[in-house]
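Geometric and topological summary
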Amino acid sequence: MPEISVQNEDFSVAAEYDLLCQEFGAGAVVMFSGRVRDMNLGDKVGGLCLEHYPAMTQSVLEAIVAEARDRWPLNAVRVIHRVGQLHAGDQIVFTGVASAHRGAAFDACEFIMDNLKTRAPFWKKEQTLEGDRWLEARQKDLDAAARWDEQERSADNCCQGTKA
Amino acid sequence: MPEISVQNEDFSVAAEYDLLCQEFGAGAVVMFSGRVRDMNLGDKVGGLCLEHYPAMTQSVLEAIVAEARDRWPLNAVRVIHRVGQLHAGDQIVFTGVASAHRGAAFDACEFIMDNLKTRAPFWKKEQTLEGDRWLEARQKDLDAAARWDEQERSADNCCQGTKA
Amino acid sequence: MIKVLFFARYREQLGCSELQLGEEAGNTVSSLRQLLSDKGENWAEVMRHPTTLVAINQTVVSDDASIAAGDEVAFFPPVTGG
Amino acid sequence: MIKVLFFARYREQLGCSELQLGEEAGNTVSSLRQLLSDKGENWAEVMRHPTTLVAINQTVVSDDASIAAGDEVAFFPPVTGG
């Protein structure tokens, strides 16, 4: 099973969970799954078309997973992103992480998603009754990804509230 | 479907995922699953027996879920904890959260697990070749749960590295 | 009458999961702890253990909490679920 | 020869997903941007958009990065996957 799949076909969270669990020693599995929302910016969304830059997508996702493995002890990692035409309610992205440690599994899974959101070359074009529109990147996602850099830099700093 | 189940029977992550997804508008689902490790403190673990304080377990888990709902906008929450005799590799605990927002789903799921670990009255007795032994609480788990209080207190403080 | 429960390691150590007590238990967790400590060395050990938790009616309380007739008081070690 | 790719909104706006360019592209991202800007107002608009990203051989770079023969250069808006 590859660690990373970019595909048009749907995926099965149940099957991915079973694969992540095959490593018997793992205590913790954290999984994220994202689905196409039926509403966005106040408009009803019928579906969306996902474009990507294939050669770069693969290498960026590999780099993100490698960074996660450098930061946390992980037994298994799986990232799936769908491309092409999708419909409201469809599954779009999956990230699953297995680790002996709960905190590592949570952090690595969220780290991968935050970085995927801001670094992996995917673009969504949404279909609404008002017509089609390319989605704009959101500052909130950039902020979410930036926390991980800051966390690394300020590791032993003043902050009691960090989740480092 | 109740939000909280304390049971001896196994659970199906696939079935829980489908239930969490039934709310069509949700964009993000985060799930945690924990399994009995086959090794602990250097010894091979054959299984463990999970004791709990039934009346208190239910009310503590309800309180933790209510606190999570106060802090984040959540569409659906599901917590399952098994009790009684379990074997190495068995599933032991599940927490699943559905939200329109990725960050809220991650934070709420981890918040529930960190608080469950330190507040819900479960006790594990491990069976090893060296004999049976009650597990000791770990400082690491107390620290993990304490972060959420500190995060609340220091919400708008100096810290750039916080995940608040 | 109050009901006193013991869980996990303490249940085993005391060979007791539940006790019924009358007025001799007193009105506070402290007085109850004192009464139980006097039952023997293994009881005293559980009662003076620095991490022993006590709950009244399923809520963890401190030693100065009051106990009333009908309450359910539980003693247990730090929790280890999840 | 270099290969130049455009994605998403820019691909649509320029009506172009791929270009082959020779030495006229110059040796840096800046010189390539200048050449493309001169192709018309819609091209100039994409090139001067403050959030336009550029990658050489699948790695995002800044405007002073060098371009060599055989490179694949891509222009695209901020990413919106996940």
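Chains are numbered independently. Their residues run from 1 in the order of the written sequence. Chain letters start at A and ligand numbers start at 1, both assigned in the order the entries are written. Given that this is a predicted model, residues contribute local features only at a pLDDT of at least 70 and side-chain atom pairs are listed and counted only at 80 or more, while totals for whole chains, interfaces and linings are drawn from all residues. With hydrogens and water stripped out, all remaining heavy atoms of the structure feed into the side-chain values.

Considerations on the overall build of chain A
Labels follow the DSSP assignment, with helices taken as runs of H or I lasting at least four residues and strands as runs of E lasting at least two, numbered in each case from the N terminus. What chain A contains, in helices and strands, is four helices and nine strands. Shown N-terminal to C-terminal, the secondary structure of chain A runs as helices and strands in the order β-α-β-β-β-α-β-β-β-α-β-β-α. The atom set for the radius of gyration is the C-alpha atoms, and the globule formula is 2.2 Å times the number of residues raised to the power 0.38. Here chain A has a C-alpha radius of gyration of 17 Å; the compact-globule value for 164 residues is 15 Å, and the two agree. Here the C-alpha coordinates of chain A stretch approximately 50 × 40 × 30 Å along the principal axes. The contacts in chain A between residues at least 6 apart in sequence include a share of 78% that link residues at least 24 apart. Only the protein chains shown count as cover for residues, with accessible areas throughout obtained via the Shrake-Rupley method and a probe of 1.4 Å. A total of about 6700 Å² of accessible surface is found on chain A, and carbon and sulfur atoms cover 49% of it. If you average the places of the 18 positive and of the 26 negative side-chain charges in chain A, the two averages end up 4 Å apart. Only heavy atoms enter the contact rule, under which two residues are in contact if any of them lie within 4.5 Å. A residue counts as positive if it is Lys or Arg and as negative if it is Asp or Glu; His and the chain ends are not included. In this description, the location of a charge corresponds to atom NZ of lysine, CZ of arginine, CG of aspartate or CD of glutamate.

Considerations on the overall build of chain C
Looking only at helices and strands, chain C has three helices and five strands in total. Relative to the 2.2 N^0.38 estimate, which gives 12 Å for 82 residues, the radius of gyration of chain C is 12 Å and therefore close to what a compact globule would have. Principal-axis analysis of the C-alpha atoms gives chain C an extent of 35 × 30 × 20 Å. Three labels apply to residues, based on accessible area from a 1.4 Å probe with only protein chains included: buried if under 20% of the type maximum, exposed if over 50%, partly exposed otherwise in between. A buried classification covers 45% of the 82 residues belonging to chain C. Total accessible area on chain C stands at roughly 3900 Å², and carbon and sulfur atoms take up 49% of it. Between the centroid of the 6 positive side chains of chain C and the centroid of its 11 negative side chains there is a distance of 7 Å.

Digging into helix H3 (residues 41–48) of chain D
Quick reminder: α-helices carry 3.6 residues per turn. Residues three or four places apart thus point the same way. Residue and element names in this part refer to chain D. All of the buried residues along H3 are Trp43, Ala44, Val46 and Met47. Take H3 and look down its axis: the buried residues cluster within an arc of 165°, on one side only. Along its buried surface, H3 packs onto strand S1 (2–6), helix H1 (8–14), strand S2 (18–21), helix H2 (29–37) and strand S5 (72–76). Directions from the helix axis toward the C-beta atoms define the arc.

Side note on the state of the cysteines
Disulfide assignment relies on a single distance test, namely cysteine sulfur atoms paired within 2.5 Å. All chains considered together, the criterion is met by zero disulfides over all chains. There is no disulfide at Cys21 of chain A, and the cysteine sulfur nearest it, in Cys109 of chain A, is 14 Å away. For Cys21 of chain A, a relative accessible area of 12% puts it in the buried group. Take Cys16 of chain D: it sits in no disulfide, and the sulfur closest to it among the cysteines is that of Cys49 of chain A, at 19 Å. The buried category is assigned to Cys16 of chain D, whose relative accessible area is 13%.

Digging into the packing of H2 of chain D against H3 of chain D
Helix-helix packing is characterised by the crossing angle of the two axes and by the distance between the axes. All names here are of chain D. Closest axis-to-axis distance for the H2/H3 pair is 7 Å, and the angle between their directions is 150°. Accordingly, the angle class assigned to the pair H2 and H3 is roughly antiparallel. Contacts between H2 and H3 involve Arg33, Leu36 and Ser37 from the former and Trp43, Ala44 and Met47 from the latter. In terms of residue class, the contact of H2 with H3 is built from four nonpolar, one polar and one charged. Axes here refer to lines fitted to C-alpha atoms; in helices the fit is confined to the stretch in contact. Angles between the N-to-C directions go from 0 to 180 degrees. Between 65 and 115 degrees an angle is taken as roughly perpendicular, under 35 as roughly parallel, over 145 as roughly antiparallel, and anywhere else as oblique. As a working rule, the residues Ala, Val, Leu, Ile, Met, Phe, Trp, Tyr, Cys and Pro are called nonpolar, Asp, Glu, Lys and Arg charged, and the rest polar, with Gly in that last group.

A word on the arrangement of the chains
With three pairs of chains in contact overall, the contact-richest pair is chains A and B. Contact between chain A and chain C is absent, and the minimum C-alpha spacing across the pair is 10 Å. The least C-alpha distance between chain B and chain D, which are not in contact, is 10 Å.

Points about the pattern of salt bridges
Salt bridges are counted wherever a side-chain nitrogen of Lys or Arg sits within 4 Å of a carboxyl oxygen of Asp or Glu. This model, assessed by the stated rule, comprises 34 salt bridges over all chains. Glu67 of chain A is paired through a salt bridge with Arg119 of chain A; the nearest N and O atoms lie 2.9 Å apart. Of this pair, Glu67 of chain A sits in helix H2 (residues 54–71) while Arg119 of chain A sits in helix H3 (residues 102–119); the two residues are 52 residues apart in sequence, bridging distant segments of the chain. A salt bridge links Arg102 of chain B to Asp114 of chain A; the shortest N-O distance between them is 2.8 Å. Placement of the pair is Arg102 of chain B in helix H3 (residues 102–119) and Asp114 of chain A in helix H3, with the two residues belonging to separate chains. By relative accessible area, which is 10% here, Arg102 of chain B ends up buried. Three or more residues joined by partner-sharing salt bridges are found here, namely Arg102 of chain A together with Glu110, Asp114, Arg138, Asp141 and Arg147 of chain B.

Regarding the interface of chain C and chain B
Where the parts come together, the accessible area they lose is often given as the size of the interface. On the side of chain B, 24 residues touch chain C, which itself brings 18 residues to the contact. When the buried area of chain C at its contact with chain B is split by residue, Val79, Thr80 and Gly82 of chain C rank highest and sum to 37% of it. Remark: the boundary between chain C and chain B carries three salt bridges. Among the ionic pairs, Glu51 of chain B bridges to Arg11 of chain C, the shortest N-O distance being 2.4 Å. We define buried area as the total accessible area lost by two parts upon association, computed with a 1.4 Å probe and summed across both.

Examining the packing of aromatic side chains
Two rings belonging to Phe, Tyr or Trp (six-membered ring only in the last case) form a pair when the distance between their centres is within 6.5 Å. Interplanar angles under 30 degrees mark stacking, angles over 60 mark edge-to-face geometry, and anything in between is tilted. Counted under the stated rule, the structure contains 24 aromatic pairs over all chains. Within the aromatic cluster, the residues linked to one another by ring pairs are Tyr53 and Trp123 of chain A together with Phe7 and Phe76 of chain D. Sitting over a ring, as applied to charges here, requires NZ of Lys or CZ of Arg to be within 6 Å of the ring centre and within 35 degrees of the ring normal. The cationic tip of Lys39 of chain C hangs over the ring face of Trp43 of chain C; the distance from NZ or CZ to the ring centre is 4.8 Å.

Quick notes on the sheet that holds strand S4 (residues 59–61) of chain C
All names here are of chain C. Should DSSP find at least two bridges between two strands, the strands are regarded as paired. Within the open sheet, the five strands sit side by side as S2-S1-S5-S3-S4. Their pairing is mixed. If you trace the sheet from one side to the other, it starts and ends with strand S2 (18–21) and S4, each paired once. When strand polarity is set aside, the average angle formed by the axes of neighbouring strands in this sheet is 30°. Of the strand pairs in this sheet, strand S3 (residues 53–56) and strand S5 (residues 72–76) are connected by four bridges, and their pairing is antiparallel. Along S5, the bridge assignment pairs Val54 with Phe75.

Comments concerning unusual backbone geometry
One non-glycine residue, Asn57 of chain C, adopts positive backbone phi at about 50°. Asn57 of chain C gets classed as partly exposed once you look at its relative accessible area, which sits at 35%.

With respect to helix H2 (residues 54–71) of chain B
Residues and elements named next belong to chain B. For H2, built from 18 residues, the straight-helix expectation of 26 Å at 1.5 Å per residue is met to within 8% by its first-to-last C-alpha distance of 26 Å. Here H2 has its buried residues at Met56, Thr57, Val60, Leu61, Ile64, Val65 and Ala68. Here the buried residues of H2 occupy an arc of 160° about the axis, which is enough to place them on one side. By definition here, a helix of n residues has an expected span of 1.5 Å times n minus one.

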